[in-house]
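# Descriptive structure summary
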Amino acid sequence: MTRLLTLFLLIALFAVVACSAGRSPNADSTTTATEPQVAPAGAAPPPGYESGTWAEIVDEARGQTVTFHMWGGQENINRWVTGYAATALKEQYGIELVQVPVADIAESVNKLVGEAEAGRAEGTVDLLWINGENFATLRQADLLYGPFAQYLPNSQYVDRDDPSVSYDLGLPTDDYESPWGKAHYVMIYDSARVAEPPRSIDGLVAWVKAHPGQFTYPAPPDFTGVGFVLQLCYHATGGHEQFLGDFDQALFDATLPACWALLNEIEPFLWREGATYPESHAAQQNLFANGEVSFDMAWNPSEASAFIEAGRFPESTRTFVFDQGTLSNAHFLAIPANAPHKAAAMVVANFMLSPEAQQSKADIANWGDLPAVSVSQLPQAWQDAFAELPRGVATLPNEELTRKIVPELPAPWRVAIEEGWQREVLQK
Amino acid sequence: MLAPALSVVLLLFGSGLLLAVLQSFGYLPFIGRTTLTLDAYRDLLGSRAFYQSLGISLWVAGVSTLLATLLGLAVALLLRRPFSGRRRALFLFQLNLPIPHLVGGVGILLLLGQSGLLARAAYAVGLIAQPADFPALIYDRFAIGIIAEYLWKETVFMALVLLGALRTIGDEWEQAAATLGASAWQRFRHVLLPLLRPSLRAASILIFAFSFGAFEIPYLLGQRFPSALPVVAYRRYTDVDLAARAEAMAIAVMLSLVSLVLIVIYGRWTTRAAV
């Protein structure tokens, strides 16, 4: 018992040390943007600021506190936000960034719905890290502020013709959310245990059957788990193209059983004979780190490198994408309609799109997230800075990642597949 | 003095409960639903998954309560008599009381997982060749990890309640029985146990109510399906489909009803004990 207590005290101590290390000023943040910025030419000002300028928004934001709700499941991301980003925002704009980590942003979506129910004109959330069905839910309930993203000065670096940042799971963003980063789905394996990973879905199915108990995936609706299930379903049902339109129950009933059949076919060969699945991506990462399973998967292609760097994954960890192509999407920042500090929230969203923040975020020593800005649209000095970033030993080259991209499905399809998985795979 | 305190409790707790009941009847104005229906209850009570989850919840609460009661009773009887080092033993025994359940859950995970401390020890001495050879004590069908966590904490609670009761009972009764020729077992069975019964009942009802309605440990250590009811309620509550809230609230209302019944029973037993 005392030993256990000592263990907890040690963990707590480490946490404190890690937090304070994260708070120390980052060298990058001293390279302050000195020139006052202006909104992109012709961009419509956001609601409530029709007659103002960007400079006035920045003035209003000074001294405000931004309550930022975000998924808090990964330590390096939390450290980047509470360390680098919070320090830079304080120094450059006098804004206090307060991170509220949540296990699933759906909790914050529920909070906003609750506030709206209670008729609170002034809420408690200023900024949300969001994408996909949660964005769709908030848009459906009309609880987001906007359009604002087009007015952010740094949105000039975003390629507005790129569907992966102007659409969010098939729903146009309509500038109610501002892109923050991008993701490409990769499979992660330990090359010391699996010398040559299967690079096709059929190959993986064969591998799983030949190696009972060494594979599993996080249970949908976990984001990472959904990504894996989607790719298998695309493969089993003859491709994603048929699902890109409006939701069609008849088509769903006709095609998806093939996918459930495939998932049920491998189930007896999964970790714990498929009797249970990891509750979350974090649980899957732990299973992989502890050698209980041989594969992990991630939306962030440099996550494996960052984890090697942090000593959490073995040095021999590598990644691959399926020959069939890989999923790609973007993640965004959105401002609730009842946010008390909209001006400061917009300044934070703008800062997060700045070349310095995007470059720092892309560094695997910090986070290793793919940039939402189009690097070729940046000033030359920043293009060079991006080119100099170390790629990480387990990260695939960009050409390999982007060789064949398959889209994610619109929210109604995705939700139907999540529910179908619960019904036809988990509970069967 | 009582009125302000009670009104705060009623306002906060009562209005929350009222909202939950309303939403469980499908009153969800934020997505434009204002008609009251019993759909959520009908869907739940008509689904097999609900009964499987109810079964898990009852199993966890039942086994945890039974074992914690037996173990707590044994410990209380052991620690009751003076012996050298008794104070220290008592202190060590109570040490985990202020530790939150969540921390206990993580501890169990690190200890009992298939790559946990015990598994590593078993590997080191050559008992197992790979993590999967270690018995599944976490995320398992029988909820062993969950029950272990509750035992770790609730045994102490039970023992402390019983130790308090034993102190008030004193040992005159037992001495009287001994004078009349009662054996140790007879003294326990016919004297001590009836005297302890009110405390045993009260404490075990509290343990049952807690382990039946608690969320974090089944969420952390439970298998994905079927999950304990509070975990199902959480998943329904955070579902992207806002309409699923009605079901979340229906589960919450049913959990509250069970707790309410238990509180009534608890109240009756404790008042009778006081008389």
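Computed from a predicted model, the values in this text were never measured in an experiment.

## Brief notes about unusual backbone geometry
Here Gly146 of chain A and Pro147 of chain A are connected by a cis peptide whose omega angle stands at 0°. Secondary-structure assignment places Pro147 of chain A in the loop between helix 5 (132-140) and helix 6 (163-166). A positive phi is found at Arg272 of chain A, a non-glycine position, where the angle reads about 55°. Its location among the elements puts Arg272 of chain A in the loop between helix 10 (257-266) and helix 11 (281-289). Overall, the relative accessible area of 14% leaves Arg272 of chain A in the buried class. In this structure, Ala143 of chain B takes a positive phi of about 55° despite not being glycine. Residue position: Ala143 of chain B is located in the loop between helix 6 (117-124) and helix 7 (144-169).

## Considerations on helix 5 of chain A
Residue and element names in this part refer to chain A. Of all nine residues that make up helix 5, seven are buried, and the element is covered over most of its length. Listing the buried residues of helix 5 in full gives Gly132, Glu133, Asn134, Phe135, Ala136, Thr137 and Leu138. Two residues or fewer after helix 5 comes Asp142, characterised by a positive phi angle close to 55°.

## What about the interface of chain B and chain A?
On the chain A side, the residues contacting the 33 residues of chain B number 32 residues. Across the interface of chain B and chain A, roughly 3,000 Å² is buried in total on both sides, 59% from carbon and sulfur atoms. For the chain B face of the interface with chain A, the top three residues by lost area are Arg224, Phe225 and Val240 of chain B, together amounting to 24%. Applying the counting rule to chain B against chain A returns two salt bridges. Between Glu279 of chain A and Arg235 of chain B there is a salt bridge, with the nearest N and O atoms lying 2.9 Å from each other. In this structure, the connection of chain B to chain A is made through 12 residue pairs in polar contact (both at pLDDT 80 or more). At the level of secondary structure, the elements contributing two or more residues to the side of chain B that touches chain A comprise helix 1 (2-24), helix 5 (101-112) and helix 11 (229-237) of chain B. By residue class, the composition of the side of chain B that touches chain A is 21 nonpolar, seven polar and five charged.

## Some words on the domain arrangement of chain A
Residue and element names in this part refer to chain A. Each assigned domain of chain A is listed with its residue range as follows: domain 1 (38-180 + 330-390) and domain 2 (186-328 + 403-426). Relative to domain 2, the C-alpha centre of domain 1 lies at a distance of 29 Å. Contacts between the two partners involve 12 residues from domain 1, matched on the other side by 17 residues from domain 2. Summed over both sides, the interface between domain 1 and domain 2 buries roughly 1,200 Å², with carbon and sulfur atoms accounting for 55% of that surface. It is Glu133, Leu169 and Ile364 that lose the most area in domain 1 upon contact with domain 2, and together they represent 46% of the buried surface on that side. Where domain 1 packs against domain 2, one counts one salt bridge. With a closest N to O distance of 3.0 Å, Glu133 and Arg414 form a salt bridge. The interface formed by domain 1 and domain 2 includes three residue pairs in polar contact (both at pLDDT 80 or more). Tallied by class, the residues present in the side of domain 1 that touches domain 2 amount to six nonpolar, four polar and two charged.

Conventions and cut-offs
- Residues numbered from 1 in each chain as written.
- Chains lettered and ligands numbered in written order.
- Predicted model: local features only at pLDDT ≥ 70, side-chain atom pairs only at ≥ 80, totals over all residues.
- Heavy atoms only, no water.
- Helix = DSSP H or I, 4+ residues; strand = E, 2+ residues; numbered from the N terminus.
- Buried < 20%, exposed > 50% of the residue type's maximum accessible area, 1.4 Å probe, protein only.
- Contact = heavy atoms within 4.5 Å.
- Buried area = accessible area lost by both parts, 1.4 Å probe.
- Salt bridge = Lys/Arg side-chain N within 4 Å of Asp/Glu carboxyl O.
- Polar contact = N/O pair within 3.5 Å; in protein donor to acceptor, adjacent residues only side chain to side chain.
- Nonpolar A, V, L, I, M, F, W, Y, C, P; charged D, E, K, R; others polar.
- Domains from an automatic or database assignment.

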